[in-house]
Each structure stands twice: as structure tokens, then as C-alpha cells.
Amino acid sequence: MTLVGIGVLLIGVAFFILAIFLGHTLNNLAGVLGGIDKTMKQLPEKLDDVMMETTNMIRESNNTLADVNEKMTQLSPLFYIVGDVGNATRKFTSSLVDVTETMKQKTEEGKGIADKNKIGGLYGSFALGYYLLKRRQQFAGDRTKGEFTGGN
């Protein structure tokens, strides 16, 4: 055997090993491509299921949103009423503040006059007595007219 024969033999063995390696690699690639093929065949069915579930979810979301809108429409008058009550309460409170301020100013003016004339205690006693007398007369008048029901 000459060197050329040994060289050809080595090249032949190398090609044989390369062929076995390439065959094994291509066999593995065929297995992977087979798995991809099986997955791709199942994909339309899976996508149909996903799309059906998505459609159901969107339908339920729309129903829920319509229900919430209906309930908000029913509650809107209540919110308007609460707003109106708040405005009326604010106006009433501001008028009470005005009355209170006016009474405070008048009381301070009267106190100043009473302090100046030193008749505060005496004046207050007479005013209280007069008020009680008027209330007693009013109460007696209501009883004689039959307007007093005795708390019933």
C-alpha cells in the first residue's frame, strides 16, 4: 500500500464518519420538524378555542358594562337630589350664619348700652319675666281654644 492509497483510505474513512454524523443530525432535525408539523396541525383548533373564549369574554364584558350603565342611569337622579339637598343646606346654613351675625351685632350693641347705663342684670330679668308671661298667656289661650293636644 502506498501513501496515496493510505491517503485515499483516510479520506474515505473521514467521509464515512462525516456521513454518519450528518445522517444522525438530519435524523434529529427530521424529528424536530415532525414535532413542529404536529403542533402546526393542532394550532388552528387551539386558536379557534382561544378566539371563542375571547368572544365570550368580550360579550360578557359588554353585558356587564351595559348593566353598570343602566344602574348609573337609575342612580343619577339620586345624585342630583343629593346635590340639591347639599345646595339647599348650604344656603340655609349661610342664612343662619347671617342671622346669627346680625343677632350678635344687635346683642353687642344692646350689651354696650346696658353696660353703659348699668342696667344689664335688671334689664335681662325684666325681659325674661316678660317672655315667660307672654308664653304662659299663649299656652293658656291655646288650652282654652282646644288647640293643645297634650303631646298626643
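Please read these numbers as outputs of a predicted model, since none were measured by experiment.

What counts, and where the lines are drawn
- Residues numbered from 1 in each chain as written.
- Predicted model: local features only at pLDDT ≥ 70, side-chain atom pairs only at ≥ 80, totals over all residues.
- Heavy atoms only, no water.
- Helix = DSSP H or I, 4+ residues; strand = E, 2+ residues; numbered from the N terminus.
- Buried < 20%, exposed > 50% of the residue type's maximum accessible area, 1.4 Å probe, protein only.
- Areas by Shrake-Rupley, 256 points an atom, 1.4 Å probe, with all protein chains shown as cover.
- Patch = residues over 30% accessible without salt bridge, like charges linked within 9 Å, V, L, I, M, F, W, Y side chains within 5 Å.
- Salt bridge = Lys/Arg side-chain N within 4 Å of Asp/Glu carboxyl O.
- Lys, Arg positive; Asp, Glu negative; His and termini not counted.
- Charge placed at Lys NZ, Arg CZ, Asp CG, Glu CD.
- pLDDT = per-residue confidence, 0-100.
- Contact = heavy atoms within 4.5 Å.

Got a minute to help me understand the overall build of the protein chain in this structure?
Of regular secondary structure, the protein chain possesses 2 helices and 0 strands. For the protein chain, with 152 residues in total, the buried portion stands at 1%. With the model as given, the accessible surface of the protein chain reaches about 13800 Å², and the carbon-plus-sulfur share is 67%.

Explain a negative patch on the surface here, please?
A surface patch of negative charge is lined by Glu45, Asp48, Asp49 and Glu53. The residue Asp49 is located in helix H1 (residues 3-117) in this model. Judged by its relative accessible area of 39%, Asp49 falls in the partly exposed class.

Explanation requested: the pattern of salt bridges in the structure shown.
For the structure on display, the rule yields 2 salt bridges. A salt bridge links Asp37 to Lys41, with the shortest nitrogen-to-oxygen separation between them at 3.4 Å. You can see Asp37 and its partner Lys41 sitting in helix H1, 4 residues apart, about one turn around the helix. Taking relative accessible area as the criterion, Lys41 reaches 62% and is therefore assigned exposed. A salt bridge links Lys71 to Asp67, with the nearest nitrogen and oxygen atoms 3.2 Å apart. On the criterion of helical spacing, the pair formed by Lys71 and Asp67 is a turn pair, its members being 4 residues apart in helix H1. Since its relative accessible area comes to 46%, Lys71 is described here as partly exposed. Judged by relative accessible area, which is 34%, Asp67 ranks as partly exposed.

Just to check I follow, could you spell out the confidence of the model for the protein chain for this structure?
Do not read the predicted coordinates in detail wherever pLDDT is low. On average, residues of the protein chain score 83 in pLDDT, and 81% of them reach the 70 mark or higher. Considering only residues more than four positions removed or in separate chains, one finds that residues 147-152, a stretch of pLDDT under 50, has 4 contacts.

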